[in-house]
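Residue-level structural notes
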Amino acid sequence: MATDEPTIIPVTGSAAEGSYDVVVGRGLLGRLPEILGERVRRVLVIHPRALRATGDTVRAELADAGFTAVTAEIPDAEEGKHIQVAAFCWQVLGQNDFTRSDAVVTVGGGAVTDLGGFVAATWLRGVRVVHLPTSLLAMVDAAVGGKTGINTAEGKNLVGAFHPPVAVLADLDALATLPKNELVTGLAEVVKCGFIADPAILDIIEQDTAAATDGTSPVLRDLVERAIRVKADIVSEDLREAGRREYLNYGHTLGHAIELAERYSWRHGAAVSVGLVFAAELSRMVGRLGDADADRHRTILESLGLPVTYRRDRWASLLDGMRRDKKSRGDLLRFVVLDGIGRPGMLEVPDTSLLFAAYQEIAS
């Protein structure tokens, strides 16, 4: 297929949950009116402050297509994922008489798709939502799968709902202007997909790291599509994280704890990068992952310029953060580990001394 043609990646679901497509390509905004459909009259465009111009462009395009479109500007990054921000969006919906046949469109990174999806899931117990992710992280992870959520003082994404979008438009043009650091941190989720399901991702990055971090390269497009296919395949089988979907949290248990310890000043991908190395060390310590495969985590992530260590003096706060992880069952901590590349599994850890020992391998 020519690289300028869109790629359609389906996410299948039950009759109750519905199915949708992730469209990967360039210049995709023109598809939005058709996706929303004739029943939708009003559209709320939720965007962060940093993307005000983009949000206004989307609103104008929708208005030209005959929709009554309004915008809700929210704080940037994780500052937007709070109940007060959701309440502001609900206020805008109420003041503009949005009904169940109307829709929400999110424009932005993962924090915006999480918050906007949650707003759509809770307004009148659920209205349609279309995601227009503008970051690599959002394209390969947050926008796909129907997970929505907001943060509380106690942890990340502890309040949320499963609410699949009606479509995701992953416009690769957004990556061409994405700051290099944002692009690189998003690659942590791509690397994760390589380790849990598609080892070719790892080979591609190792063969040409420069192309993998070039927002305009066909190599990066291949990586994006591969990562989305991994998530689409898993989510299609397990929407509500009752089984296999937990594997997508590889590296996230420690990663989320780092984000909490840093008061969300760390980028999600950077925290997950450290979490991946930790999970690999844990897998090695319990005899489930060989030395070469464990070491490969550190080598690939370092080659991309991602962090692979964290502060030695933060262990107590990190352990407390991990106890609040959604995979935990009572007092039992549960981690996604590897039995080999492309072979994820679960590990229940009754003794935190094992976790402490694994942490020493990444502590600095």
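Keep in mind it's a predicted model, so treat the numbers as computed, not measured. (Residues numbered from 1 in each chain as written. Predicted model: local features only at pLDDT ≥ 70, side-chain atom pairs only at ≥ 80, totals over all residues. Heavy atoms only, no water.)

1. Some remarks on the pairing of strand β6 (residues 128-133)
Counting buried residues in β6 gives five out of six residues, a clear majority hidden from the surface. Pairing of strand β5 (residues 103-108) with β6, which is carried by six bridges, proceeds in the parallel orientation. Considered in β6, the bridge of T106 is made with H131. This β-α-β element, β5 to helix α4 (residues 110-122) to β6, shows right-handed connectivity. (Buried < 20%, exposed > 50% of the residue type's maximum accessible area, 1.4 Å probe, protein only. Helix = DSSP H or I, 4+ residues; strand = E, 2+ residues; numbered from the N terminus. Pairing = 2+ DSSP bridges. Right-handed = clockwise from strand over helix to strand, strands pointing away.)

2. So, the pairing of strand β9 (residues 167-171)
The buried fraction of β9 is high, at five of five residues. Every second residue of β9 is oriented toward a common face, with A167, L169 and D171 on one face and V168 and A170 on the other, all of them buried. Alignment of strand β2 (residues 20-25) against β9, held across five bridges, turns out to be parallel. Its bridge partner being in β9, G25 is matched across the sheet by D171. Relative to β9, β6 runs parallel, the two being bridged by two bridges. In the sheet register, V130 faces β9, and the bridge partner there is A167.

3. Some points on α4
Over its 13 residues, α4 extends 18 Å from the first C-alpha to the last, a length consistent with the 18 Å expected when each residue adds 1.5 Å. Counting buried positions over the 13 residues of α4 gives twelve, a clear majority of the element. For α4, the full list of buried residues reads G110, A111, V112, T113, D114, L115, G116, G117, F118, V119, A120 and A121. Just beyond α4, the residue with positive phi is L124, at close to 55 degrees. (Expected span 1.5 Å × (residues − 1).)

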